[in-house]
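Given next are the chains, with one letter for each unit.
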Amino acid sequence: MNRIKELFIILFAISFASKALAKDAPASFADLAEKLMPSVVNISTTTTVTTNTNPFPGFEFPPGSPFEDMFKEFGTPKTRKSAALGSGFIIDEKGIVITNNHVIQDSEDIVVRVGGDKEYKATIIGQDPLSDIAVLQIDSKEKFIPVSFGDSDKARIGDWVIAIGNPFGLGGTVTAGIISARNRSIGLSRYEDYIQTDASINSGNSGGPLFDMNGDVIGINTAILGKGGSIGIGFSIPSNSAKKVVSQLIEFGETKRGWLGVRIQVVSKEIAEVEKLDEPRGALVASVAEKSPSDKAGIKAGDIILEFNGTKINEMKELPIIVAQTEVGKTIEVKVWRNKKEITKKIKLGRLETSSDFKKKEPKDTKTETPEISEIKSLKIIVRPLNDNDIKERKLPNQTTGLVITNIGKNSPINYLNVGDIIVEAQKKKIKSTKNLEDIVDTVLKSNQKTILIVIYNNQNQRRYIGVKLD
């Protein structure tokens, strides 16, 4: 009897727990979808595309053939109208619409369809290619039903969401799923912090809203993984990232992003070890733009930015996002790791959109010299000194010194680098000769550290820090 009683209690507990876990799962999305659909719009655009006709009718050159490029300019110019479809959502009763920039980019005519049947012309208030956000104004004095942005920071992995949009031009399509990941970076832009969802998103959903169960927009659907259709992995711009861009586009017609004037890279395990940092974190400053806010504040290449305006930087990708969202002209504190200790710098932010590239003076003409080739056995590489012609051809800063890699051995500890890369620093000391580098490497090999920090200019002239493990 007691055994039966125990079994009954266990079954009751399981049943109760199951109901508790399932209590937030909606029985239906119908009421929410009915409420939100009048605020979601279908967008169609037209663009004039000019192409040249084939000058040799009846004969086709293979795609990618050099003859294809050679002869197409002799064809007759021909124009045609190209149409594109997307989605959007209304955030103001006066007809302000949010969508993706790629939906309306280069468009000549924009038509917004509301409620499935009413069509209106629309004009562009502002657009931002960097975040892929655009703001439109419906050309009508009617009042529309808006939706509101929610707090995307409160959205958790596993939360229910619904997407409403215009996939494949079908219009008024509702799909549901969950947030499957946060803080995704997929290589589309410099400001990536996407919400990943398994709510079905397809071609035509771009620019449409991702709603939480309160009916608030927590994301702008912008990309899918895979070609042709949804495979259950879609990406949305978080609402908290979008709100500032949207407000600036509405107010100014353009964005005003904060600018530090540094190029950064990931802090690897090896770099953290060399710098005596407790763990790989922060953003390593690879180079500082001349006369930039960081340059004026005394930030140096090799610094590791650990904290920006009171916010800790755990990963490199976090820094560009938080800087861009900070007010232009604001003076903020930056904590950096330099010479194995933490220091604080105050920086007055510039504006990214008006910043200039790193200015370099052209070196004077010099005679070509016969290069001196040397082998650095400890690194299993062959190098030659950097000369004035290298500096001129690669447009490097005038005072650059270093060694150009001419050959890399198969078993070299830096065999992932490339011939033509230039070693300019080792252990934060400028390299002026082969002996400089050999001496530094020998010193490290005799120590217990066994890791050397070098700085290179790669073949794209990007300055990078590399942590190298020595045998």
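Here, every reference points to the structure presented above.
These lines cover the structure that appears in this document, whether it is placed above or below. (Residues numbered from 1 in each chain as written. Predicted model: local features only at pLDDT ≥ 70, side-chain atom pairs only at ≥ 80, totals over all residues. Heavy atoms only, no water.)

Along its length, the protein carries ten helices and 27 strands. Looking at the protein residue by residue over its 471 residues, the buried ones come to 42%. For the protein, long-range pairs separated by at least 24 residues make up 61% of all intrachain contacts whose partners lie at least 6 apart in sequence. (Helix = DSSP H or I, 4+ residues; strand = E, 2+ residues; numbered from the N terminus. Buried < 20%, exposed > 50% of the residue type's maximum accessible area, 1.4 Å probe, protein only. Contact = heavy atoms within 4.5 Å.)

Scanning all chains against the criterion turns up 14 salt bridges. Note that Arg257 and Asp128 form a salt bridge whose closest N and O atoms lie 2.3 Å from each other. In this pair, Arg257 sits in the loop between α5 (239-252) and β13 (258-259) while Asp128 sits in strand β5 (residues 118-128), placing the two residues 129 residues apart along the sequence. Neither Arg257 nor Asp128 differs from the other in exposure class; each is buried. With a shortest N-O distance of 2.8 Å, Arg384 and Asp390 are connected by a salt bridge. Of the two residues examined, Arg384 and Asp390, each falls in the buried class. Here the residues in one salt-bridge network are Asp128, Glu254, Arg257, Arg351 and Glu353, joined through shared partners. (Salt bridge = Lys/Arg side-chain N within 4 Å of Asp/Glu carboxyl O.)

Two measures describe an aromatic ring pair: the distance that separates the ring centres and the angle between the ring planes. Evaluation of the coordinates by the stated rule reveals four aromatic pairs. Between Tyr120 and Phe144, the ring centres sit 5.3 Å apart and the planes meet at 80°, which makes this aromatic pair edge-to-face. Taken together, the positions of Tyr120 in strand β5 and Phe144 in the loop between β6 (133-138) and β7 (160-165) put the pair 24 residues apart, joining distant regions of the chain. Summarising the burial analysis for this pair, Tyr120 and Phe144 share the class buried. On the numbers, 6.2 Å between centres and 55° between planes, the contact of Tyr194 with Phe235 is tilted. Taken together, the residues span a long stretch of sequence, with Tyr194 in strand β9 (residues 194-197) and Phe235 in strand β12 (residues 234-238) at a distance of 41 residues. No difference in accessibility class separates Tyr194 from Phe235, as the two residues are buried. (Phe/Tyr/Trp six-rings, centres within 6.5 Å; stacked < 30°, edge-to-face > 60°.)

To continue, consider the sheet that holds β7. Spatial ordering of the closed barrel is given by β7-β8-β9-β12-β11-β10, a layout of six strands whose pairing is antiparallel. Mean inter-strand twist for the sheet, computed between neighbouring axes without regard to direction, equals 45°. Where strand β10 (residues 209-211) and strand β11 (residues 217-224) come together, three bridges link them in antiparallel fashion. Directly across from Phe211, in β11, lies its bridge partner Val217. On top of the sheet, α5 reaches β11 and β12; it is set at about 50° to β12, its chief contact. (Pairing = 2+ DSSP bridges. Axes fitted to C-alpha atoms, helices over the stretch in contact; angles between N-to-C directions.)

Compared with an ideal rise of 1.5 Å per residue, which puts 14 residues at 20 Å, α5 spans 20 Å between its outermost C-alpha atoms and is within 8% of the ideal. Of all the positions in α5, only Ser239, Ser241, Ala242, Val245, Val246, Gln248 and Leu249 are classed as buried. With its phi angle positive at about 80°, Gly253 sits one or two positions after the end of α5. (Expected span 1.5 Å × (residues − 1).)

Its 13 residues place the ends of helix α10 (residues 434-446) 19 Å apart at the C-alpha level, agreeing with the 18 Å of an ideal helix rising 1.5 Å per residue. The complete set of buried residues in α10 reads Thr434, Leu437, Ile440, Val441 and Val444. Down the axis of α10, the smallest arc covering the buried residues is 140°, so these residues share one side. Set apart from the buried face of α10 by more than 90 degrees, the exposed residues are Lys435, Thr443 and Lys446. Looking at the buried residues of α10, the elements they touch are β21 (374-376), β22 (381-385), β23 (403-408), β24 (422-426), β25 (429-430) and β26 (451-457). (Arc of directions from axis to C-beta.)

Now for the layout of surface pockets. In this structure, the second largest pocket encloses a volume near 450 Å³. Together, 18 residues line the second largest pocket, and Asp153, Asp193, Ser241, Ile321 and Gln325 are the ones closest to its centre. The residue makeup of the lining of the second largest pocket, split by class, is four nonpolar, six polar and eight charged. (1 Å grid on protein atoms, 1.4 Å probe; cavity = no way out; pocket = protein on both sides within 12 Å on 5 of 7 lines; lining within 4 Å. Points joined across faces, edges and corners; volume = space filled by probe spheres on them. Nonpolar A, V, L, I, M, F, W, Y, C, P; charged D, E, K, R; others polar.)

Topologically, Ile233 is positioned in the loop between β11 and β12. C-alpha separation for the pair Ile233 and Ser180, spaced 53 residues apart in sequence, amounts to 8.3 Å. Not counting the four nearest positions on each side in its chain, Ile233 is found in contact with Gln196, Thr197, Ile224 and Leu225.

Shape is all these values report; function is a separate question.
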